[in-house]
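Each chain, written out:
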Amino acid sequence: MEWGDQVYVIDCGPDFRQQMLGSDTLRLDGLLFTHYHADHTAGLDDVRSFSLRQGYVEAYADAEVIANLKERFGYIFATRDRYAGAPNLRITEFENRPFMLSNKTVTPVQVMHGSTRVFGFRIDDFAYITDAKHVSPSEMEKLANLDVLVVNALRIEPHPTHFNLEEALEFIEQLRPKRAYLTHISHRLGFHAKVSEDLPKNVFLAYDGLSLTV
Ligand SMILES: [Zn+2]
Ligand SMILES: [Zn+2]
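Below or above, wherever it landed, is the structure these notes cover. (Residues numbered from 1 in each chain as written. Chains lettered and ligands numbered in written order. Predicted model: local features only at pLDDT ≥ 70, side-chain atom pairs only at ≥ 80, totals over all residues. Heavy atoms only, no water.)

So, on to the coordination of the zinc ion (ligand 1). Protein ligation of the zinc ion (ligand 1) involves His35 (NE2), His37 (ND1), His113 (NE2) and Asp131 (OD), the donor distances falling in the range 2.2 to 2.4 Å. Around the zinc ion (ligand 1) sit four donor atoms; with metal-centred angles ranging over 87 to 178°, the donor geometry is irregular. Separating the zinc ion (ligand 1) from the zinc ion (ligand 2) is a gap of 3.4 Å, bridged by aspartate 131, which donates to each. Of this pair, histidine 37 sits in the loop between strand E3 (30-32) and helix H2 (38-41) while aspartate 131 sits in the loop between strand E9 (126-129) and helix H6 (137-140), placing them 94 residues apart in sequence. Residue classification places histidine 37 among the partly exposed residues on the basis of a relative accessible area of 22%. (Donors = N, O, S within 2.8 Å, 3.2 Å for Na, K, Ca; no water. Tetrahedral: all angles 85-135°; square planar, octahedral: opposite > 155°, others 65-115°. Helix = DSSP H or I, 4+ residues; strand = E, 2+ residues; numbered from the N terminus. Buried < 20%, exposed > 50% of the residue type's maximum accessible area, 1.4 Å probe, protein only.)

Protein coordination of the zinc ion (ligand 2) is provided by Asp39 (OD), His40 (NE2), Asp131 (OD) and His184 (NE2), with donor distances spanning 2.1 to 2.2 Å. Every donor counted, the four donor atoms about the zinc ion (ligand 2) form angles of 89 to 160° at the centre, which fits irregular coordination. Counting residues between consecutive donors of the zinc ion (ligand 2) along the chain gives the motif D-H-x90-D-x52-H. The class for aspartate 39 is partly exposed, based on a relative accessible area of 39%. Residue classification places aspartate 131 among the buried positions, given a relative accessible area of 1%.

Negative phi values dominate among residues other than glycine, just as trans dominates among peptide bonds. The phi dihedral of aspartate 24 is positive, around 55°, even though this residue is not glycine. Relative to the helices and strands, aspartate 24 is located in the loop between helix H1 (16-22) and E3. Under the relative-accessibility criterion, aspartate 24 is labelled exposed at 62%. Positive phi outside glycine occurs at aspartate 81, with the angle close to 50°. As for its placement among the helices and strands, aspartate 81 is situated in the loop between helix H5 (74-77) and strand E5 (89-93).

So, on to the environment of phenylalanine 163. Inspection of the secondary structure assignment puts phenylalanine 163 in the loop between strand E10 (148-152) and helix H7 (165-175). For phenylalanine 163, a relative accessible area of 5% translates into the label buried. Phenylalanine 163 sits 143 residues away from methionine 20 along the chain, and the two C-alpha atoms are 27 Å apart. If we ignore the near neighbours within four places in the chain, the residues touching phenylalanine 163 are Ala132, Lys133, His134, Val135, Val151, Asn152, Ala153, Leu154, Ala168 and Phe171. (Contact = heavy atoms within 4.5 Å.)

So, on to the packing of aromatic side chains. On inspection of all chains with the given rule, the structure shows eight aromatic pairs. A centroid spacing of 5.1 Å and a plane angle of 20° characterise the contact between phenylalanine 94 and phenylalanine 99, whose relative ring orientation is stacked. Overall, the relative accessible area of 14% leaves phenylalanine 99 in the buried class. Residues phenylalanine 163 and phenylalanine 171 carry aromatic rings whose centres are separated by 5.2 Å and whose planes lie at 50° to one another, so their mutual orientation is tilted. (Phe/Tyr/Trp six-rings, centres within 6.5 Å; stacked < 30°, edge-to-face > 60°.)

Attention now moves to the pairing of E9. Both faces of E9 are covered, namely the face carrying Phe126 and Tyr128 and the face carrying Ala127 and Ile129. Note that strand E8 (residues 116-123) and E9 share three bridges and pair antiparallel. In the sheet register, isoleucine 123 faces E9, and the bridge partner there is phenylalanine 126. Between E8 and E9, which pair antiparallel in sequence order, lie two residues; one of them, aspartate 124, sits at a positive phi of approximately 50°. In terms of strand pairing, E9 meets E10 through four bridges, oriented parallel. (Pairing = 2+ DSSP bridges.)

Take the sheet that holds strand E4 (residues 57-61) next. In a beta sheet, neighbouring strands pair by backbone hydrogen bonds and run either parallel or antiparallel. Read across the sheet, five strands follow the order E1-E2-E3-E4-E5 without closing on themselves; strand pairing throughout is mixed. In the strand order of this sheet, the two ends are held by strand E1 (2-3) and E5, each with one partner. Examined bridge by bridge, E3 and E4 share three bridges and lie parallel to one another. Considered in E4, the bridge of glycine 30 is made with glutamate 58.

Printed below as a string of structure tokens:
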């Protein structure tokens with residue numbers, strides 16, 4: 001996400017390096033974590049490319065994610081005999097209440113992913129929700145009147161911890177954003193062009209490298 005001279009990234013999956021190279025990202029003001037699963041955190045070592053240039057990278061996560069990252073990436077958080085080339089993060093813990101990211105307010109939106117708590121984020125009229133399976137009515141209220149909603153849709157068949165296509169479309173239908181983009185798509189959703197044919201007019205399949213202006 002970019003505004004002014006600020007650049008933020010939500011999550012840091014295994015292809016973080018490839019995505020940063022592909023988008024010519026030269027600085028990183030902060031990382032926001034949705035949850036600790038490997039497909040959202042496994043690229044953390046490559047943050048060093050930014051922290052070596054900038055001195056450090058800010059990161060925002062809830063207490064559970066911070067504890068989990070400390071287990072997964074002990075060397076990054078080591079306080080003694082720390083390797084100088086390790087990524088340097090400055091972590092800020094957030095809870096389920098709005099916080100500031102430079103001059104913008106970020107509203108965390110708590111969703112459930114099986115028994116795992118995941119945070120989506122709303123900034124102005126843009127919201128990014130991933131790995132959701134259940135969203136409570138009070139959290140849904142935070143997502144009213146969006147211009148752009150990005151939401152997960154894993155596949156056609158139901159899944160115990162992810163929205164399938166039908167559930168994602170139902171979620172979109174309830175929220176009525178101006179536009180919605182489906183993400184966290186597996187190969188079991190089907191071919192891009194074929195699936196796109198049957199989507200409502202304001203719903204699109206996202207893809208690697210897609211860029212949106214809100
Ligand atoms: Zn997950
Ligand atoms: Zn995931």
